[in-house]
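# Understanding the architecture of this molecule
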Amino acid sequence: MKRKANPADVSKPQLELPFGQQGAARDLSYYIGLCKVFAAYHKRWPTADSTREEFRAARLQEYDGQRIDRELRFPGPELEADPAYRELWERCLADGATDGVSLSALDPRYRTVLRESDIADLFDTIALPGRAGPGAVRYATGVPAHAHGELTLQLGETLRARALRRAGLDPDAPRVLANSFSVRVQATDALKAFIDRIGVRHPPAHERLADFYLLDASDQGRLYIKYQVLAGVRYAGRFDADRLARTLASIYAADPNLAALRDTTAPSKPAAPGTPAAPAPHSEEEFREQLAMLAPEGQSLRLPIQHLSRFADIRRALEKAGGLYSTSKQQFDFEEGVDPAVVVERLVNGGAT
């Protein structure tokens, strides 16, 4: 007698995507869910090289790294319409990934960013370093060395100019730029936690954070963390550029060094000496200019190292004045009692070619 299958013994899919809702939209959370199941089994995030066998071991059928990567790069209508996917796509383009979203972009270390409120709290600590006091450790520029929790904040040029104009300062004045260029922030707990979570090496307690990293605030309202020694940059989140400009303007306006420059004008630079125009070819001025290049030396006139386009005319004039040209010595020799310098002066001041 054939045994009837017990419903409890009938195998069921190990993963009803997305987790109990067959046929649900394949949005960004769907693919993140696939990667989470893979990571829970293999203890690592999948990559484009992850094989189908590795996905099957994690009870994920019909998938491999290349398929997920392909479906992310060439999204279907449901995925393309997902706001979370669009935001991640724009982030990837901003980071230079021209192909858009890839499987590696789903890695939590990449998707982790600072909240806008966290960045606002970080910018609330902005300060100008000022000048180092007597006996203080300072850099060659005269500014004090970073404290352990301080970081340099690089500012976009447009952002800096907006803030300086708000503070009533000329953003193009050299002394204003020199006093406003360096800006620092105090690393908050949120920033330190962000550094730890994205896998960036955190310096030991006795080392300065600024020796390893610096921050960059772009004109487009994006914050990046850069490495001081290694080449690389990491997107950290978005911020309100206008709010930052207002914050900077208040700091610039309150700085005594910048306040002293508010009503002063930059000293005018002396006019650069004009370059005399070259004489016209085959002109009398050209002949005299090249003739004056000959150097008197005893009873001789030595030719310069430069090529003389009017040499034939110069030789004819000097031989007429009593000079004898020596090809081997590259000079004109004159008899005793004739001053070569006087001959040249006479020809330059009025002699014809």
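Computed from a prediction, not measured in an experiment: that's the story for all the values here.

Rules behind the numbers
Residues numbered from 1 in each chain as written. Predicted model: local features only at pLDDT ≥ 70, side-chain atom pairs only at ≥ 80, totals over all residues. Heavy atoms only, no water. Helix = DSSP H or I, 4+ residues; strand = E, 2+ residues; numbered from the N terminus. Buried < 20%, exposed > 50% of the residue type's maximum accessible area, 1.4 Å probe, protein only. Contact = heavy atoms within 4.5 Å. Areas by Shrake-Rupley, 256 points an atom, 1.4 Å probe, with all protein chains shown as cover. Pairing = 2+ DSSP bridges. Core = buried A, V, L, I, M, F, W, Y, C linked by side-chain atoms within 4.5 Å. pLDDT = per-residue confidence, 0-100. Expected span 1.5 Å × (residues − 1). Axes fitted to C-alpha atoms, helices over the stretch in contact; angles between N-to-C directions. Parallel < 35°, antiparallel > 145°, perpendicular 65-115°, else oblique. Left-handed = near helix turned anticlockwise from the far one by under 90°. Nonpolar A, V, L, I, M, F, W, Y, C, P; charged D, E, K, R; others polar. Salt bridge = Lys/Arg side-chain N within 4 Å of Asp/Glu carboxyl O.

### Here we look at the overall build of the chain
Each helix and strand in the chain was counted, giving 15 helices and nine strands. Looking at the 353 residues of the chain, the share that counts as buried comes to 39%. For the chain, contacts bridging at least 24 residues in sequence account for 56% of all contacts bridging at least 6. Summing over all exposed atoms, the chain offers an accessible surface of approximately 21,100 Å²; the carbon and sulfur share of this is 52%.

### Concerning the pairing of strand β1 (residues 150-155)
With three bridges joining them, β1 and strand β2 (residues 184-186) adopt antiparallel strand pairing. For Glu150, the partnering residue across the bridge sits in β2 and is Gln186. Sheet topology places β1 next to strand β3 (residues 213-217); three bridges connect them, and they run parallel. The residue bridging Leu155 from the neighbouring strand is Ala217, located in β3.

### Looking at the nonpolar core
Counting 40 residues, the largest nonpolar core has Leu153, Leu223 and Tyr252 as its most contacted members. Counting residues per element, the ones that place at least two in this core are α7 (116-123), β1, α8 (157-166), α10 (189-197), β3, β4 (222-227) and α11 (241-254). Membership of the second largest hydrophobic core comes to 24 residues, among which are Leu28, Ile68, Leu103 and Leu106.

### Some remarks on the confidence of the model for the chain
Summary statistics for the chain give a mean pLDDT of 82 and a share of 82% for residues scoring 70 or more. The lowest-confidence element of the chain is helix α6 (residues 108-111), averaging 80 in pLDDT; the highest-confidence one is helix α2 (residues 52-57), averaging 94. Counted against residues more than four places away or in other chains, residues 1-21, with its pLDDT under 50, gives 19 contacts.

### Describing helix α1 (residues 28-42)
Here α1 spans 21 Å end to end across 15 residues, near enough to the 21 Å set by a 1.5 Å rise per residue. All buried positions along α1 are accounted for by Leu28, Tyr30, Tyr31, Ile32, Gly33, Leu34, Cys35, Phe38 and Ala39. Packing partners of the buried residues in α1 comprise α2, α3 (65-73), α4 (77-81), α5 (83-94) and α6.

### Concerning the packing of α8 against α11
Viewed as axis vectors pointing N to C, α8 and α11 meet at an angle of 50 degrees, and their least axial separation amounts to 8 Å. The orientation of α8 with respect to α11, classified from their angle, is oblique. The interaxial crossing formed by α8 with α11 has right-handed handedness. In this structure, α8 uses Leu159, Arg160, Arg162, Ala163, Leu164 and Arg166 to contact α11, whose residues at the interface are Ala241, Asp242, Leu244, Ala245, Arg246, Leu248, Ala249 and Tyr252. When the residues that make up the contact of α8 with α11 are grouped by side-chain class, the tally is nine nonpolar, no polar and five charged.

### As for the environment of Ala161
Its place among the elements puts Ala161 in helix α8. Remark: the alpha-carbon pair of Ala161 and Leu177, spanning 16 residues in sequence, is separated by 9.4 Å.

### Focus on the environment of Trp45
Inspection of the secondary structure assignment puts Trp45 in the loop between α1 and α2. The buried category is assigned to Trp45, whose relative accessible area is 15%. Expressed as a C-alpha distance, the spacing of Trp45 and Pro108, which sit 63 residues apart in the sequence, is 8.8 Å. With near-sequence residues (within four places) excluded, Trp45 lies in contact with Ile32, Cys35, Lys36, Phe38, Ala39, Leu103, Leu106, Asp107, Pro108 and Arg111.

### Remarks on the pattern of salt bridges
A pair can form between side chains of opposite charge whenever their charged atoms are brought close. A complete count under the given rule lists 17 salt bridges for this structure. Two residues, Lys226 and Asp216, come together in a salt bridge whose shortest N-O distance is 3.7 Å. Of this pair, Lys226 sits in strand β4 while Asp216 sits in strand β3, and the two are ten residues apart along the sequence. The class for Asp216 is buried, based on a relative accessible area of 15%. The network of salt bridges with shared partners includes Arg162, Arg166, Asp242 and Arg246.

### So, the side chain of Arg91
Tracing the backbone through its elements, the reader meets Arg91 in helix α5. Those residues in contact with Arg91, other than ones at most four positions away along the chain, are Tyr110, Arg111, Val113, Arg234 and Tyr235.

### Examining the sheet that holds strand β8 (residues 324-326)
Taken in spatial order, the four strands line up as β6-β7-β9-β8 in an open sheet, and their pairing is antiparallel. The outermost strands of the open sheet, each flanked by one partner alone, are β6 (295-297) and β8. Looking at each pair of strands side by side, their axes are set apart by 30 degrees on average, direction ignored. Judged from the three bridges that link them, β6 and strand β7 (residues 300-302) form a sheet pairing that is antiparallel. Paired with Glu297 across the bridge in β7 is Ser300.

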